[in-house]
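Coordinate analysis (summary)
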There are 2 protein chains.
Amino acid sequence: MQIGIVGLGLIGGSLGFDLIQSGHHIYGLSRRQKTCNHAIRRGAVSQASTDPKILNRAELVFLCTPIGSLAQSLALIIPHLMTHTVVTDVGSVKAPVVETLQSLWPNFVGGHPMAGTAETGILAAQNTLFKDRPYVLTPNAATNLRAIELVKDVVIQLKAQLYFASPSDHDRAVAWISHLPILVSAGLMSSCIQESDQAVLSLAKSLASTGFRDTSRVGSGNPELGRMVAEHNQVALLKTLDQFETSLKHIRALIEHHEWNALEKLLQENQTARPMFVD
Amino acid sequence: MQIGIVGLGLIGGSLGFDLIQSGHHIYGLSRRQKTCNHAIRRGAVSQASTDPKILNRAELVFLCTPIGSLAQSLALIIPHLMTHTVVTDVGSVKAPVVETLQSLWPNFVGGHPMAGTAETGILAAQNTLFKDRPYVLTPNAATNLRAIELVKDVVIQLKAQLYFASPSDHDRAVAWISHLPILVSAGLMSSCIQESDQAVLSLAKSLASTGFRDTSRVGSGNPELGRMVAEHNQVALLKTLDQFETSLKHIRALIEHHEWNALEKLLQENQTARPMFVD
């Protein structure tokens, strides 16, 4: 198949590697000629250009630009697409993205490959990045069935774990398991460094170990990522934050009222539940 | 030196291994003869008994029973101690422990070796458990200086990182880096499993990955441990929880008011601060 990739970063470049491997012809589009050159030299694309005309034969296009630039990227390429070309994206939030992009291009299917590395950019792109990782497609009632089938077939070739969900169910699920943990973890670190007693703060720094390391990690990571998920998944995120505050208030009440058995029971429920989420 | 160890579990047994290695004579006291037999057979003690009389020659005694049993353990052995015997404990909360035990035995120094494994009991005891790990001693104004020196010298032989702090500073520091993370992490898991939409909850379970794994870990671990820290470090813990709630409220306000630059700045401060706590 003739496949276009817009945005040749970690995700775009890694998609290119796997799709070339599956026998597709890959047209890469980047704003920077240097990135095009890297992508061609590394073998992530069959050909690449800074001119959107390069996509005029693509039957399927992956939009792999940052979530805040997706609409702009799509508007840029629309004049060069065939009317039956299917467009998908890789943004990590889906409801607002699907609403906007679908209105611009009817043959659109939202997607979210849940894979990544600490590094970004074309030089970090790698083979089999999506293998055995979740890849959520988020069609809605208005999505063209042929478009869904086309994207699904390509995702299967990436050997990803394919899931289907409505855009809003996707956003609520990732709020729970990815975005709320960032806020909670950020609140932990942010509150800790407010400690005004320097002897206590200094001792805390010396004594911090694996528990603090794990719990503070995602809230002290890439600030742009944290900002991005809050900005784009605001509605679902605030809803999970409401529930978190309710749960924490309940835990506080158990402690204030010395209800140790009830607290232990709650912690037992957590211990039982966790293996249903992670190993 | 003649050293007594009361409670032959993971900590007591591991102390025994290292102190025998350093040339001390170790008297073990356990409620169960079977535990005494294991400790003798494994070489964690020089001799062991279920009779507190065994401690009548000990110059230093480590109380290694659960934090809720420390006072009872001390009361049990007091009739058999020499008047100059120094007593220390290994409880993970210090202010209430020091207050109680010091009133029972003037030659008392509070201590907290911050080492452990997922396993417990004499069969999990190991050599060099305390090596390069923090060991906090918590004397107060009333603590006998000779007693502090004696315990300090033995802790140094364990090759632990020795810290001194007041009992309340210790409790506030461990509330920040150990106990508050448990509550925050528990609140995350506990709120997540309240999600009433089964499609969302099921998708969340499928998509959960490293971020959720790390952030949910300590709040979904040993329920007795969580109960214990809340029960014994209640005052310091609730104080850190107040600050956490304030910080989270601030983060919520930034999101509600779309203050993305301010949110990114807060996350940058976290990113800068974290290496001062953990690698």
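Presented here is a report on the structure given in the accompanying data block. Please read all numbers here as calculations on a predicted model, not as lab measurements. (Residues numbered from 1 in each chain as written. Chains lettered and ligands numbered in written order. Predicted model: local features only at pLDDT ≥ 70, side-chain atom pairs only at ≥ 80, totals over all residues. Heavy atoms only, no water.)

1. Structural notes on the overall build of chain A
Let me state the cut-off plainly: Strands are runs of DSSP state E lasting at least 2 residues, helices are runs of H or I lasting at least 4, and numbering of each runs from the N terminus. The buried label goes to any residue with under 20% of its type's maximum accessible area, the exposed label to any with over 50%, and the partly exposed label to all in between, with areas taken from a 1.4 Å probe on protein chains only. The contact criterion used is simple: two residues touch if any of their non-hydrogen atoms lie within 4.5 Å.
Within chain A, the secondary structure is distributed over 11 helices and nine strands. In terms of its C-alpha atoms, chain A occupies a principal-axis envelope of roughly 70 × 40 × 30 Å. The buried share of chain A, reckoned over its 279 residues, is 57%. Here the analysis covers contacts within chain A between residues at least 6 apart in sequence; of these, 67% occur between residues at least 24 apart.

2. What about the nonpolar core?
So the rule is basically this: We define a nonpolar core as any set of buried Ala, Val, Leu, Ile, Met, Phe, Trp, Tyr and Cys residues linked to one another through side-chain atoms lying within 4.5 Å.
Of all hydrophobic cores here, the largest spans 74 residues; its most connected members are Phe277 of chain A together with Phe277 of chain B. Apart from the residues lying within four places of it in its own chain, the contact partners of Phe277 of chain A are Ile177 of chain A together with Met189, Cys192, Ile193, Leu201, Ala204, Lys205, Ala208 and Phe212 of chain B.

3. Some points on the sheet that holds strand S9 (residues 161-164) of chain A
All names here are of chain A. To keep things clear, this is the line we draw: Only strands that DSSP links by at least two bridges are regarded as paired with each other. Convention adopted: a line fitted to C-alpha atoms gives each axis, helices being fitted over their contacting stretch, and angles between N-to-C directions are expressed from 0 to 180 degrees.
Ordered by their spatial adjacency, three strands build an open sheet running S7-S8-S9, and the pairing between neighbours is mixed. Of all the strands in the sheet, the pair left with one neighbour each is strand S7 (111-113) and S9. Averaged over all adjacent pairs, the angle separating strand axes in this sheet is 15 degrees, with direction ignored. As paired strands, S7 and strand S8 (residues 134-137) are joined by three bridges and run antiparallel to one another.

4. Brief notes about the sheet that holds strand S6 (residues 108-109) of chain B
An order of S3-S2-S1-S4-S5-S6 (chain B) is seen for the six strands of this open sheet, with the pairing classed as parallel. Unpaired on one side and paired on the other, strand S3 (47-49) and S6 of chain B mark the two borders of the sheet.

5. Describing the pattern of salt bridges
The cut-off we apply is this: A pairing counts as a salt bridge when a side-chain nitrogen of Lys or Arg comes within 4 Å of a carboxyl oxygen of Asp or Glu.
Counted by the stated rule, this structure contains 28 salt bridges over all chains. For Asp197 of chain B, the salt bridge is made with Arg172 of chain A, and the minimal N-O distance between the two is 3.6 Å. One end of the pair, Asp197 of chain B, is in the loop between helix H6 (167-192) and helix H7 (198-207); the other, Arg172 of chain A, is in helix H6 (residues 167-192), on a second chain. One salt-bridge network, held together by shared partners, links Asp242 and Glu245 of chain A together with Arg252 and Glu256 of chain B.

6. Comments concerning the side chain of Asp214 of chain A
Mapping Asp214 of chain A onto the fold places it in helix H8 (residues 210-216). For Asp214 of chain A, a relative accessible area of 15% puts it in the buried group. Beyond its immediate sequence surroundings of up to four residues, Asp214 of chain A is in contact with Asp214, Thr215 and Arg217 of chain B.

7. What about unusual backbone geometry?
Note: most peptide bonds trans; most residues except glycine with negative phi. Residues and elements named next belong to chain A. Within the chain, Asp132 stands out as a residue other than glycine whose phi angle is a positive 65 degrees. Considering the arrangement of structural elements, one finds Asp132 in the loop between S7 and S8. With a phi angle near 60 degrees, Lys159 is a residue other than glycine that sits in the positive phi range. With respect to the element layout, Lys159 can be found in the loop between helix H5 (145-157) and S9. For Lys159, a relative accessible area of 52% translates into the label exposed.

8. Considering the interface of chain B and chain A
The cut-off we apply is this: Reported buried area values correspond to the accessible surface (1.4 Å probe) lost by two parts on association, with both partners' losses combined. Distance and chemistry together define a polar contact, namely a pair of N or O atoms within 3.5 Å, with one atom able to donate a hydrogen and the other to accept it when in protein, and with adjacent residues in sequence counting only for side-chain atoms on both sides. Residues are grouped as follows: Ala, Val, Leu, Ile, Met, Phe, Trp, Tyr, Cys and Pro are nonpolar; Asp, Glu, Lys and Arg are charged; every other residue, Gly included, is polar.
Contact residues are listed per partner, giving 89 residues for chain B and 89 residues for chain A. Buried surface at the junction of chain B and chain A, both sides included, amounts to about 8,600 Å², of which 66% is carbon and sulfur. Scanning the region where chain B abuts chain A turns up 14 salt bridges. Across the contact surface, chain B and chain A share 34 residue pairs in polar contact (both at pLDDT 80 or more). Broken down by secondary-structure element, the contributors of at least two residues to the side of chain B that touches chain A are strand S8 (134-137), H6, H7, helix H8 (210-216), helix H9 (223-232), helix H10 (234-256) and helix H11 (260-273) of chain B. It is H6 of chain B that contributes the most residues to the side of chain B that touches chain A, 19 residues altogether. In the side of chain B that touches chain A, the residues fall into 44 nonpolar, 25 polar and 20 charged.

9. Overview of helix H7 (residues 198-207) of chain A
Test applied: Of all possible arcs, the one meant is that of the directions from the helix axis to the C-beta atoms.
By the burial criterion, the buried members of H7 of chain A are Val200, Leu201, Leu203, Ala204 and Leu207 of chain A. The buried residues of H7 of chain A all sit within an arc of 165 degrees when viewed along its axis, so they share a single face. Its buried side turned inward, H7 of chain A meets H6 of chain A together with S8, strand S9 (161-164) and H6 of chain B. Where H7 of chain A begins, one side-chain oxygen reaches toward the backbone nitrogen of Ala199 of chain A, 2.9 Å away; that side chain belongs to Asp197 of chain A.

10. Some words on the relation of the copies chain B and chain A
Applied cut-off: To superpose the copies, least squares is applied to the C-alpha atoms of every residue with a pLDDT of at least 70 in both.
Least-squares fitting of chain B to chain A yields an RMSD of 0.1 Å, with the superposition described by an axial translation of 0.0 Å and a rotation of 180 degrees. What the rotation and shift describe, once combined, is the action of a two-fold rotation axis. When the interface residues of chain B are mapped onto chain A, 100% of them are again interface residues, pointing to one common binding face.

11. Some details on the pairing of S9 of chain A
Residue and element names in this part refer to chain A. What counts is decided by this rule: Handedness is read with the strands pointing away from the viewer; a crossover is right-handed when the path from the first strand over the helix to the second is clockwise.
With four bridges connecting them, S8 and S9 associate as parallel partners. If you follow Tyr135 over to S9, its bridge partner there is Leu162. In this fold, S8 hands off to H5, which returns the chain to S9; that crossover is right-handed.

12. Concerning the packing of helix H3 (residues 70-77) of chain B against helix H4 (residues 95-104) of chain B
Residues and elements named next belong to chain B. As a reminder of what qualifies: Small angles under 35 degrees read as roughly parallel and large ones over 145 as roughly antiparallel, with 65 to 115 read as roughly perpendicular and the rest as oblique. Crossing handedness follows the turn of the near helix against the far one: under a right angle anticlockwise gives a left-handed crossing, and clockwise gives a right-handed one.
Running from N to C, H3 and H4 cross one another at 10 degrees; their axes reach a closest spacing of 10 Å. One element, H3, and the other, H4, form an angle in the roughly parallel class. The two elements H3 and H4 meet at a crossing, and its hand is right-handed. In this structure, H3 contributes Leu70, Ala71 and Leu74 to the contact, and H4 contributes Val97, Thr100, Leu101 and Leu104.

13. Considering the packing of aromatic side chains
Condition: Stacked, edge-to-face and tilted are the three classes for Phe, Tyr and Trp ring pairs, Trp counted by its six-membered ring, which pair at centre distances within 6.5 Å; planes under 30 degrees apart are stacked, over 60 edge-to-face, the rest tilted.
Inspection of the entire model under this criterion finds three aromatic pairs over all chains. Summarising the aromatic geometry, the rings of Phe244 of chain A and Phe244 of chain B are spaced 6.3 Å apart at their centres and angled 70 degrees between planes, so their arrangement reads as edge-to-face. Note that Phe244 of chain A is positioned in helix H10 (residues 234-256) and Phe244 of chain B in helix H10, a pairing that runs across two chains. Residue classification places Phe244 of chain A among the buried residues on the basis of a relative accessible area of 0%. Geometrically, the ring pair formed by Phe277 of chain A and Phe212 of chain B is tilted, given 5.0 Å between the ring centres and 35 degrees between the ring planes. Placement of Phe277 of chain A in the segment after helix H11 (260-273) and of Phe212 of chain B in helix H8 is noted, with the two residues assigned to different chains. Per residue, the accessibility class of Phe277 of chain A equals that of Phe212 of chain B, and both read buried.

14. Digging into the packing of H6 of chain A against H11 of chain B
Across the interface, H6 of chain A lies against H11 of chain B with an axial gap of 9 Å and an inter-helix angle of 70 degrees. On the basis of their axis angle, the class for H6 of chain A and H11 of chain B is roughly perpendicular. In the packing of H6 of chain A onto H11 of chain B, the handedness of the crossing is left-handed. Between H6 of chain A and H11 of chain B, the contacting residues are Ala186, Met189 and Ser190 of chain A on the first element and Leu266, Leu267, Asn270 and Ala273 of chain B on the second.

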